[in-house]
Amino acid sequence: MVKSYAKYEPGLVGVLGLVASAGANVIYANDTGRIGAGYAVVPALEEVIVWDVKKGEQRSRLRDLDCKAEVTVIARSSANGDMYAVGYSDGSIRIWELSTSNLVVTFNGHRSSVSALCFDVSGTRLASGSKDTDIIVWDVVAEVGISRLRGHKDQITSIRFLRTPLAGENAGFADPTTDAGWLLTSSKDTFVKLWDLSTKHCAETHVAHRGEVWAMNISNDEKTCVTAGPDAEIKFWDINTAALAITSDNAEEVKRITQRGVLMRQSKERPISLSFHPRGEFLACQGADRGIEIWRLRSEEEIKKKLTRKRKRRKEKAAEAGEEYNEEEVQVDLDDEIGQYVTVRTPVKARSFDWGMHAEDPKKAGSIQFLTSLTNNVLELYTVAVQKSTKKSAGPPEYERLHSVELQGHRSDIRALAMSSDDEMLASASNGSLKIWNIKTGACIRTFECGYALCVSFLPGDKAVVIGTKTGELELFDVPSSALIESERAHDGPVWSLQVHPDGKSLITGSADKQVKFWDIGVEQEVVPGTKRTISKLKLTHTRTLKLADDVLCVRISPDAKLIAVSLLDATVKVFFVDTLKFYLSLYGHKLPVLSMDIASDSKLLVTCSADKNVKLWGLDFGDCHKSIFAHQDSIMQVVFEKEGHNFFTCSKDKLVKYWDGDKFENIMKLEGHHGEIWALAVSSRGDFIVSGSHDRSIRVWEQTDDQVFLEEQREKEMEELYEQTLVASLDQEGQNPEDADAEAVSAGKQTMETLMAGERIMEALDLGMEDIPIVKAWEKAKAANPNLAPPPRNAIFVALGNISAERYVLDVVQKVKPAHLQDALLVLPFDKVIALLTFIDLWAAREWNIPLLCRILFFLLKTHQSQIVANRINRPMLDSVRSHLRKALHKQKDVMGYNLAALRYIKREWESYNTKDFLDEEKMVEEQNKQTKKRVFSTVA
């Protein structure tokens, strides 16, 4: 009989310990304008978490279970504040609706990590930039890629849409729904490019800095552009709105973007982001250090006063020197327009910064606020006072940290994990903090300050936790009272390992000071100072010491409490008797030190894992090596047996957790999900879930499901996944047209497994449909002569769907393909299937079925296969038929739309006549009445 195994999958609790990962930017959603209120939309590895900043509580999570890639960039739509675009490291983009946490649409076009996203002002288009140097403009409504723009030679760092201004001063902007507008992009190739989206070509290229352009943004009035490079310079550029409005051939001679000046930053570190305040009065630059520099943009009145003072000083100097003074030579400099306001210092390096969308004017509110995410897994909300006085003597304004979200995560990577005996609580330890988690709810229920923890364990009763630190202390914590009970100087070196004795009465520790120590866990009575009352206190008492020849890395006691195994720095494992501490076995074979080991529940099998990437299984009867397995691609950090049996788990620096059969020496399954080295592993006492802790500061719970895993099926599944990856990569390379290599604008498509499968489904439907059409036509022709003729035998699929017609079946299959995947799915079709699809398009047009989808498919096929279709005269009658049927259907739709528009205009006029009220100025109305009254009085007197 084939052996089956339990299957483990990511649990419902999700990922614990993450406040905000450092892989992407944060968005501050504060539409109310109230100080301290609002939500933070932050990246959490492959998820997006929404935090209530004031309460420090999680509001919702945005997670696609099929996506394991890390979030790299987040953008919010200014038109619809509930719509968020999220870019991932695999090149995919997902648009989410925040209020419902629903996934709206998925775009796949980039071949590497998405690095920049931006919505246009109407929210109907999205521009994305990537490490693959391409820029793609997406139609959010139609769910398709409009064009792929090529020209940059390195990663895209920023993207911004520019609206086309109308001719004339302060005439506003063209309607974004009808006008394509412009696109401004910056890249690490030192260039800033301006793209004309109507013609899909690069209109201007500027060398912005001597190195990478790390950040770029435009002002709210779209007249100023700012860029920041690797040096301490922020360059200001004027956007010539008059030149953007020109559509004639002479526009090429006019520079649309010109450099205005340079502003020097205080920080020498590279910039990460530039951001104008939504109200337009402040500019902030966040660098790769602890400083966030804020400048204030001066008003026109202040600039005029500065210019007047400057001209006065220049005139006085010219008079003293006896020179002629020319007033026109004194112009407004960049330093006159913008001034240093304040530099906000964060506790550690900042990763991201966002003003948010504010409804209230900062001057009226008296302060400005912004959200920043730090590199140590913390969110902080700052408020900066807005000074009424603009004099230098006033000094820099005060700022303070208003709120922070930090309790739900560790400041550094998680080094050790331990489960309570009832599997209700989890202890996680890192450098500086120990946290206790409720496994069912995922909530952090206790946080303790501690040293650099290397190992952790619950003591019997689950009311106390002990940790071993890098400095050699054993720290004992009481969970109910959230207090440190005792800190014992146990060793002279780091305490690498500790374990509670199976009888629960003692504890063993192993350290780099080449000693293994035994400790009794007892309770002693301690007198309360100033009283005669005594209280019970937990106490660790040192009883025995085992001295060894090298540093101790791991110690384990067998479940029957007869043997103790000790791994040393010399890559050997020594086994001793617990009662006498006499030497029993020496296990050698690893090339590098054994980092972790565990003993099976029957005390007969020992498993060791090492930095040499191997796992070895040893018999404790004779010390023989049963099997050596090359288990991971990097150092294996921990190995743990299940509570019953010989199956075990390993975790490694290669970011994988693996499940193994210790009897057959087979890998059962891989658990993928972590984005950093995995340091720690813990298995529940019932074996229904495991927990892993990583360098990415995340704690993941893997739950056992009802599904069974069979080794052969698992191997086949892994081979299929590998084949699919290579197939998609080869198709994507074949699909690239050599003629498009030097083109600035090409198709935005990308072959994925979804598009490939959709194309195969369409081909299968076309084959079935083309077989069925002649059968049905022959039966209808015969039925005209013989009305009682029985229907012909058709394919079982048509019969199962209620004797559906072939054209309806094919249309249903095509309609089920997601709009974002449709064009790439049609590219999979060979030319003979394209002709078959055109046949069905003719039938759909004659019946007027789904005309918008029909037109989209038809135009794409004609554009893609134009040369083959034109070269074949046989297709002409069918195309003529399609044209006539389609024109007839479109005319009918046009008439219906015209009728509906006329009806809507009529309803609008009716509503306005009954509901619209004119607002009048009361003072002006009273003045007019008084004038009329006076005229009447004088005329009466006369």
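See above for the structure.
Description of the structure in this document. All chains use their own residue numbering, which begins from 1 and follows the written sequence. Note on the predicted model: pLDDT of at least 70 is required for a residue's local features to be given, and 80 or more for side-chain atom pairs to be given and counted; whole-chain, interface and lining totals, by contrast, use all residues. With hydrogens and water stripped out, all remaining heavy atoms of the structure feed into the side-chain values.

### Things to note about the packing of helix H10 (residues 831-847) against helix H11 (residues 851-864)
So, point 1. The convention used is that axes are lines fitted to C-alpha atoms, helices contributing only their stretch in contact, and that angles between N-to-C directions extend from 0 to 180 degrees. The helix count covers DSSP runs of H or I at least four residues long, the strand count covers runs of E at least two residues long, and both are numbered beginning at the N terminus. Two numbers describe how H10 lies on H11: the axes approach to 11 Å, and their chain directions differ by 145°. Two packed elements cross with a definite hand, and for H10 against H11 that hand is left-handed. Touching Val834, Leu837, Leu838, Ile841, Trp844 and Ala845 of H10 are Leu854, Ile857, Leu858 and Leu861, all from H11. By convention the crossing between two helices is left-handed if the near helix lies anticlockwise of the far one by an angle smaller than a right angle, and right-handed if it lies clockwise. Note on definitions: a residue-residue contact is assigned when non-hydrogen atoms from the two residues lie within 4.5 Å.

### Structural notes on the sheet that holds strand E27 (residues 367-374)
So, point 1. If DSSP finds at least two bridges between two strands, the strands pair. Taken together, the 4 strands give an open sheet; going across it, the order is E26-E27-E28-E29, and neighbouring strands pair in antiparallel fashion. In this open sheet, the two strands that pair with only one neighbour each are strand E26 (350-354) and strand E29 (399-405). Strand after strand, the sheet turns through a mean of 25° between neighbouring axes, direction not considered.
So, point 2. Across 8 bridges, the pairing between E27 and strand E28 (residues 378-385) is antiparallel. When the bridges of E28 are listed, glutamine 369 appears paired with threonine 383.

### Considering the environment of glutamate 724
So, point 1. Mapped onto the secondary structure, glutamate 724 falls in helix H5 (residues 711-734).
So, point 2. Taking C-alpha positions, glutamate 724 is 7.1 Å from methionine 753, a pair spaced 29 residues apart along the chain.

### Concerning helix H9 (residues 819-827)
So, point 1. Throughout this description, buried means an accessible area under 20% of the type-specific maximum (1.4 Å probe, protein chains only), exposed means over 50%, and partly exposed covers the range between. Listed in full, the buried residues belonging to H9 are His821, Leu822, Asp824, Ala825 and Leu826.
So, point 2. The secondary structure elements touched by the buried residues of H9 are helix H6 (753-785), helix H8 (806-815), H10 and H11.

### Regarding the pairing of strand E53 (residues 689-694)
So, point 1. Along E53, 6 of the 6 residues are buried, which leaves the element largely enclosed by surrounding structure.
So, point 2. Of the two faces of E53, both are covered, the one formed by Phe689, Val691 and Gly693 as well as the one formed by Ile690, Ser692 and Ser694.
So, point 3. Across 5 bridges, the pairing between strand E52 (residues 678-683) and E53 is antiparallel. Bridging from a neighbouring strand, valine 683 pairs with isoleucine 690 of E53.
So, point 4. The turn linking E52 back onto E53 is made up of 5 residues, and glycine 687 within it adopts a positive phi angle of 75°.
So, point 5. With 5 bridges connecting them, E53 and strand E54 (residues 699-710) associate as antiparallel partners.

### Side note on the pattern of salt bridges
So, point 1. Criterion for a salt bridge: a side-chain nitrogen of Lys or Arg within 4 Å of a carboxyl oxygen of Asp or Glu. Applying the stated rule across the entire model yields 31 salt bridges.
So, point 2. For arginine 61, the salt bridge identified is with glutamate 47, shortest N-O distance 2.0 Å. In this pair, arginine 61 sits in strand E5 (residues 57-62) while glutamate 47 sits in strand E4 (residues 47-52), placing the two residues 14 residues apart along the sequence.
So, point 3. Classification of glutamate 47 as buried rests on a relative accessible area of 3%.
So, point 4. Close ionic contact of arginine 296 with glutamate 302 constitutes a salt bridge, the shortest N to O distance being 2.7 Å. Accessibility assignment for this pair places arginine 296 and glutamate 302 in one class, buried.
So, point 5. Bridged by salt links that share partners, the residues Glu46, Glu47, Arg61, Arg63 and Arg700 form one connected network.

### Overview of a negative patch on the surface
So, point 1. Patch building starts from residues that exceed 30% relative accessible area and form no salt bridge, then joins like charges within 9 Å and nonpolar side chains (Val, Leu, Ile, Met, Phe, Trp, Tyr) within 5 Å. Throughout, the Shrake-Rupley method with a 1.4 Å probe supplies accessible areas, and for residues the shown protein chains are the sole cover considered. Charge counting follows a simple rule: Lys and Arg are positive, Asp and Glu are negative, and His as well as the terminal groups are ignored. A charge is said to be at NZ when it belongs to Lys, at CZ for Arg, at CG for Asp and at CD for Glu. Together, Glu672, Glu712, Glu713, Glu716, Glu720 and Glu721 make up a negatively charged patch on the protein surface.
So, point 2. Assignment of secondary structure puts glutamate 713 in helix H5.

### Description of the sheet that holds E54
So, point 1. Taken in spatial order, the 4 strands of this open sheet run E1-E54-E53-E52, and their pairing is antiparallel. Each edge of the open sheet carries a strand with a single partner, namely strand E1 (4-16) and E52. Between one strand axis and the next, the sheet turns by 30° as a mean value, whatever way the strands run.

### Brief notes about the nonpolar core
One broad trend across soluble globular proteins is that nonpolar side chains are buried collectively.
So, point 1. Ranked by internal contacts, the top residues of the largest apolar core, which has 43 residues, are Ile762, Leu826, Leu837, Leu838, Ile841, Trp844 and Ile857.
So, point 2. Within the residue set of this core, elements represented by two or more residues are H6, H8, H9, H10, H11 and helix H13 (876-915).
So, point 3. Once you skip the residues sitting within four places of it in the chain, leucine 826 turns out to touch Ile762, Leu837, Ile857, Phe860 and Leu861.
So, point 4. Tyr5, Ile678, Val683 and Trp702 belong to the second-largest nonpolar core, a separate cluster that totals 20 residues. For our purposes a nonpolar core is just a set of buried Ala, Val, Leu, Ile, Met, Phe, Trp, Tyr and Cys residues, chained together by side-chain atoms within 4.5 Å.

### Concerning a nonpolar patch on the surface
So, point 1. A surface patch of nonpolar side chains, about 410 Å² in accessible area, is lined by Leu901, Leu904, Tyr906 and Ile907.
So, point 2. With respect to the helices and strands, tyrosine 906 occurs in helix H13.
So, point 3. By relative accessible area, tyrosine 906 is classed as partly exposed at 47%.

### Here's the deal with the packing of aromatic side chains
So, point 1. Each Phe, Tyr or Trp ring, with Trp reduced to its six-membered ring, pairs with another whose centre is within 6.5 Å; inter-plane angles below 30 degrees give stacked pairs, above 60 give edge-to-face pairs, and intermediate values give tilted ones. Overall, the coordinates contain 17 aromatic pairs when judged by the stated rule.
So, point 2. Ring geometry for phenylalanine 641 versus phenylalanine 648: centroids 5.8 Å apart, planes at 75°, classification edge-to-face. Like phenylalanine 648, phenylalanine 641 is buried.
So, point 3. Grouping aromatic residues by their ring pairs yields a cluster made of Phe353, Trp355, Phe370, Tyr382 and Tyr399.
So, point 4. Charge-over-ring contacts are defined here by two conditions on Lys NZ or Arg CZ: a distance within 6 Å of the ring centre and an angle within 35 degrees of the ring normal. Sitting above the plane of the tyrosine 39 ring, arginine 59 keeps its charged end 4.0 Å from the centroid.
So, point 5. Across the ring face of tyrosine 452, the terminal group of lysine 470 is positioned such that the distance to the ring centre comes to 4.7 Å.

### Digging into unusual backbone geometry
So, point 1. Unusually for a residue other than glycine, glutamate 143 sits at a positive phi of about 60°.
So, point 2. Relative to the elements of secondary structure, glutamate 143 occurs in the loop between strand E12 (135-139) and strand E13 (144-149).

Everything listed is a geometric property; what it means functionally is a separate question.
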